[in-house]
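Summary of the model geometry
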Amino acid sequence: MNEIEARKQIVYYSHKVHAQGLVCATDGNLSIRLSEDRVLITPSGLRKEDMTVEAPIVIDFQGNPIGDSRRPSTEYKVHLEAYQRREDVKAVIHAHPPKAIAFTIAEVRLDTCILPEVVLTLGDVPVAPYATPSTEDLPNSMSDLIARSDAVMLARHGSVTVGATLSDAFKKLEKLEHNAEILIYAHSLGGAKPFSSEDIHRLQGLREFYGIKTQAQACSYRPSGSASGAANPQCEMNNERSVSRDFSPGTSEFEALVAEIVRRVRGS
Ligand SMILES: [Zn+2]
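Reference entry: report on the structure contained in this document. Because the structure is predicted, anything quoted here is derived from the model rather than measured.

1. Thoughts on the overall build of the chain
- For the chain, the count of helices and strands is nine helices and seven strands.
- When each of the 268 residues of the chain is scored for burial, the buried share is 40%.
- Considering only intrachain contacts with a sequence separation of at least 6, the fraction spanning at least 24 residues in the chain is 67%.

Next comes the structure, spelled out in structure tokens:
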């Protein structure tokens, strides 16, 4: 993507993250990888609703501004860590989605195994232990997690979502926060009941059919109500191979499953 288009994209999605309450004041930052050694990133101290095409700053992979005396976002190291760990990542959003953050503060597991479209597109969302913002500790805390997930929560702080485009990273951020909102409703009604391990396995089998390209790990099947699962990056589902029914494309089970997903996604 050329720099002019990248600047327009950053402005568009900066305004969206602010409008949707996913950042507050000058929080959060967005970036796009321009080349092997250049990243375009939002500047420090600017409200996302005030973003203009002139505002983003080009930096190198050491965080040095290129031909610019302004300072990049203080969390630029989080972005560079994601790019260095994942060649497929071309865009990164660090935001402060309030509902998803609340789960990390309450130390309640942010279960992403409750909605079919979230299982398909987001998978497991690990939580990095708390690290002081703007320090080296922060990128270190999430480095191994972002290497295998497209969305990571930073405890008591925010989220990091990545993608092939800024649109892709933004969709994952929206899904993450929407999932958290639904979980809060479910908890208020007595608790969220997760999918069975078989349901999750079936859904993950549809990723290829839908052409969903993601590094996202499989959702972990865990009994609901476990607070300690919040920081558990384990993915038990990867070891399960006990699906007894045939959900290959063309089978009646497959057709029924697709119909059910469409029904749920449309909310009918
Ligand atoms: Zn932050």
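2. Considering the packing of helix α3 (residues 98–106) against helix α6 (residues 166–188)
- Relative orientation of the contacting elements α3 and α6 amounts to 60°, with a least axis distance of 7 Å. Where α3 crosses over α6, the handedness of that crossing is left-handed. Two secondary-structure elements touch here, α3 through Lys99, Ala100 and Phe103 and α6 through Leu176, Glu177, Ala180, Glu181 and Ile184.
- When grouped by side-chain class, the residues that make up the contact of α3 with α6 number five nonpolar, no polar and three charged.

3. Points about the sheet that holds strand β7 (residues 158–163)
- With respect to topology, seven strands assemble into an open sheet ordered β3-β2-β1-β4-β7-β6-β5, the strand pairing being mixed. Across the chains shown, the open sheet's two edge strands, defined by having one partner strand only, are β3 (57–59) and β5 (127–128).
- Two strands pair when backbone bridges link them, and strand β2 (residues 38–41) and β3 are joined in this way by three bridges, in the antiparallel orientation. By the bridge assignment, Ile41 is partnered in β3 with Ile57.
- Docked against the sheet, helix α2 (residues 76–85) engages β1 (29–35), β2, β3, β4 (91–95) and β7, running at close to 140° with respect to β2.

4. Concerning the nonpolar core
- In terms of nonpolar packing, the biggest core is built from 57 residues, with Ile10, Val152 and Val160 touching the most fellow members.
- Counting residues per element, this core draws most heavily on α6, which supplies seven residues.

5. Here's the deal with the pairing of β1
- Among the seven residues in β1, five count as buried, and that is most of the element.
- With four bridges joining them, β1 and β4 adopt antiparallel strand pairing. Counterpart to Asn29 in the pairing with β4 is His94.
- With four bridges connecting them, β1 and β2 associate as antiparallel partners. Residue Ile32 lies in a different strand from β2, and its bridge partner there is Leu40.
- Hairpin remark: β1 followed by β2, antiparallel, with two residues in the connecting loop.

6. Re the environment of Lys171
- You can see Lys171 is positioned in helix α6.
- Classification of Lys171 by C-beta neighbours within 10 Å gives partly exposed; the count is 15.
- A sequence separation of 50 residues divides Lys171 from Thr121, and the C-alpha atoms of the two residues are 9.5 Å apart.

7. Structural notes on unusual backbone geometry
- Of note, Ala25 is a non-glycine position whose phi angle comes to about 50°, a positive value.
- You can see Ala25 is positioned in the loop between α1 (3–19) and β1.
- The class of Ala25 is exposed, set by 10 C-beta atoms lying within 10 Å.
- Despite not being glycine, Arg156 shows a phi value in the positive range, around 60°.
- Look at Arg156 and you get partly exposed, because 13 C-beta atoms sit within 10 Å.

What counts and how
- Residues numbered from 1 in each chain as written.
- Predicted model: local features only at pLDDT ≥ 70, side-chain atom pairs only at ≥ 80, totals over all residues.
- Helix = DSSP H or I, 4+ residues; strand = E, 2+ residues; numbered from the N terminus.
- Buried ≥ 20, exposed ≤ 12 C-beta atoms within 10 Å, placed from the backbone.
- Contact = placed C-beta atoms within 7 Å.
- Axes fitted to C-alpha atoms, helices over the stretch in contact; angles between N-to-C directions.
- Left-handed = near helix turned anticlockwise from the far one by under 90°.
- Nonpolar A, V, L, I, M, F, W, Y, C, P; charged D, E, K, R; others polar.
- Pairing = 2+ DSSP bridges.
- Core = buried A, V, L, I, M, F, W, Y, C linked by C-beta atoms within 7 Å.

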